[in-house]
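Below, each chain spelled out in residue letters.
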Amino acid sequence: MESKRKKILWIILIFAVLLLFLLLFLWVLRKSRPTAVLPPAIPTPTVYIPPPGQYSISVTPDNLLQIKFSAIGTTVSATSVRLVYKFSGTPALTVEDQNPNKDGIQLQPNLDLIQKNWSYLINSADIYPDLDDPDSKLLIIALSAAVLSPEGYTPQKEEILATARLTISDPSAKPRFKFDPEHTKLFEKKSAAELPLTLQD
């Protein structure tokens, strides 16, 4: 009886040892497998969206056309503006020259901006044929200005870019200028990107 009990204990011991070796073998096998290397995460590109700006025009009671822009808190480097008045026959309005010392019709630039290192590269008001409508003509005001300071210019309020003095011969015709969005731009200094503009004409 004692001998039979010993045999059973030996069988249990041998089984336990075999089980232990099996578990050890499986553990070593698992450790020896190559670990899958995950590819590096690709960072999601960030799209920079410049802050919005605005251009507007207004006519004072004494027929001064003020061309204004707003980009409060945004550092700008340059701008361009084109205003178009379409007419047929005799124009109901004309633009008076503000600088007889230069060729062509000039608007009055903002002297305060000039003192803050703005340079007006284009300043004109001219009549052109309308290529899309042979019976009409276009009175086009064109402005282009750049900030010469390396740090750019950060407006803190709405600014007047330039002023045109109008002579309105036929008020009943309600003549008006409209912005040309393809040629009206305001550029941010940091990114050199165009600001998305709201145009109010």
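Refer to the structure presented above.
Residues numbered from 1 in each chain as written. Predicted model: local features only at pLDDT ≥ 70, side-chain atom pairs only at ≥ 80, totals over all residues. Heavy atoms only, no water.

### Here's the deal with the overall build of the chain
From N to C terminus, the chain includes two helices and 11 strands. For the chain, the sequential pattern of α-helices and β-strands runs α-β-β-β-β-β-α-β-β-β-β-β-β. Expressed as a percentage of its 201 residues, the buried residues of the chain come to 34%. Long-range contacts, defined as pairs at least 24 residues apart, comprise 72% of the intrachain contacts of the chain with a sequence gap of at least 6. With the model as given, the accessible surface of the chain reaches about 13800 Å², and the carbon-plus-sulfur share is 61%. (Helix = DSSP H or I, 4+ residues; strand = E, 2+ residues; numbered from the N terminus. Buried < 20%, exposed > 50% of the residue type's maximum accessible area, 1.4 Å probe, protein only. Contact = heavy atoms within 4.5 Å. Areas by Shrake-Rupley, 256 points an atom, 1.4 Å probe, with all protein chains shown as cover.)

### Structural notes on the pattern of salt bridges
As enumerated under the stated definition, the model contains eight salt bridges in all. With a shortest N-O distance of 3.4 Å, Asp 130 and Lys 86 are connected by a salt bridge. On the criterion of sequence distance, the pair formed by Asp 130 in the loop between strand S6 (118–129) and strand S7 (137–147) and Lys 86 in strand S3 (residues 76–87) is long-range, its members being 44 residues apart. In this structure, the salt-bridge partner of Lys 185 is Glu 194, at a minimum N-O distance of 3.5 Å. Three or more residues joined by partner-sharing salt bridges are found here, namely Lys 86, Asp 130 and Asp 133. (Salt bridge = Lys/Arg side-chain N within 4 Å of Asp/Glu carboxyl O.)

### A word on the nonpolar core
In globular proteins that are soluble, nonpolar side chains generally tend to be buried together. Of all hydrophobic cores here, the largest spans 33 residues; its most connected members are Ile 67, Leu 83, Trp 118, Ile 141, Leu 161 and Phe 177. Those elements that provide at least two residues to this core are strand S1 (53–59), strand S2 (64–70), S3, strand S4 (93–96), S6, S7 and strand S8 (159–168). (Core = buried A, V, L, I, M, F, W, Y, C linked by side-chain atoms within 4.5 Å.)

### Quick look at the pairing of S7
For a regular strand, the rule is simple: side chains alternate between the two faces of the sheet. Burial runs high along S7: 10 of the 11 residues are buried. As defined by bridge partners, S3 adjoins S7 across 10 bridges and the pair is classed as antiparallel. Across the sheet, the residue bridging to Tyr 85 is Leu 139, located in S7. Relative to S7, S6 is paired through 11 bridges, and the arrangement is antiparallel. In the sheet register, Ala 125 faces S7, and the bridge partner there is Ile 141. (Pairing = 2+ DSSP bridges.)

### So, the packing of aromatic side chains
The relation between two aromatic rings is expressed through the spacing of the ring centres and the mutual angle of the planes. In the structure shown here, the tally under the stated rule is six aromatic pairs. Look at Tyr 55 and Phe 69: their rings are 5.9 Å apart centre to centre, the planes differ by 45°, and that puts the pair in the tilted class. Placement of the pair is Tyr 55 in strand S1 and Phe 69 in strand S2, with a sequence separation of 14 residues. With a relative accessible area of 0%, Tyr 55 lands in the buried category. Judged by relative accessible area, Phe 69 falls into the buried class, the value being 1%. Arranged with centres 5.7 Å apart and planes meeting at 35°, the rings of Phe 69 and Trp 118 form a pair that is tilted. With Phe 69 in strand S2 and Trp 118 in strand S6, this pair connects stretches of sequence that are 49 residues apart. Cluster of aromatic residues (ring-pair linked, three or more members): Tyr 55, Phe 69, Trp 118, Tyr 153 and Phe 179. (Phe/Tyr/Trp six-rings, centres within 6.5 Å; stacked < 30°, edge-to-face > 60°.)

### Re the environment of Lys 189
Within the element layout of this structure, Lys 189 appears in the loop between strand S10 (185–188) and strand S11 (197–200). Excluding residues within four positions of it along the chain, Lys 189 makes contact with Thr 75, Val 76, Ser 77, Ser 149, Pro 150, Glu 151 and Gly 152.

### Things to note about the pairing of S4
Taking every second residue as pointing to the same face, the buried face of S4 carries Leu 93 and Val 95, while none of Thr 94 and Glu 96 on the other face is buried. Judged from the four bridges that link them, S4 and S8 form a sheet pairing that is antiparallel. Counterpart to Leu 93 in the pairing with S8 is Ile 168.

### Considerations on the environment of Arg 165
Relative to the helices and strands, Arg 165 resides in strand S8. For Arg 165, a relative accessible area of 31% puts it in the partly exposed group. Sequence separation between Arg 165 and Gln 66 is 99 residues; the distance between their C-alpha atoms is 8.8 Å.

### Details of unusual backbone geometry
In this structure, Asn 63 takes a positive phi of about 65° despite not being glycine. Along the chain, the position of Asn 63 falls in the loop between S1 and S2. Relative accessible area serves as the criterion here: at 25%, Asn 63 is assigned to the partly exposed category. Residues other than glycine seldom take positive phi values, yet Asn 117 does so here, at roughly 70°. The residue Asn 117 is located in the loop between helix H2 (111–115) and S6 in this model.

Remember that the coordinates give geometry; whether it matters functionally is a separate question.
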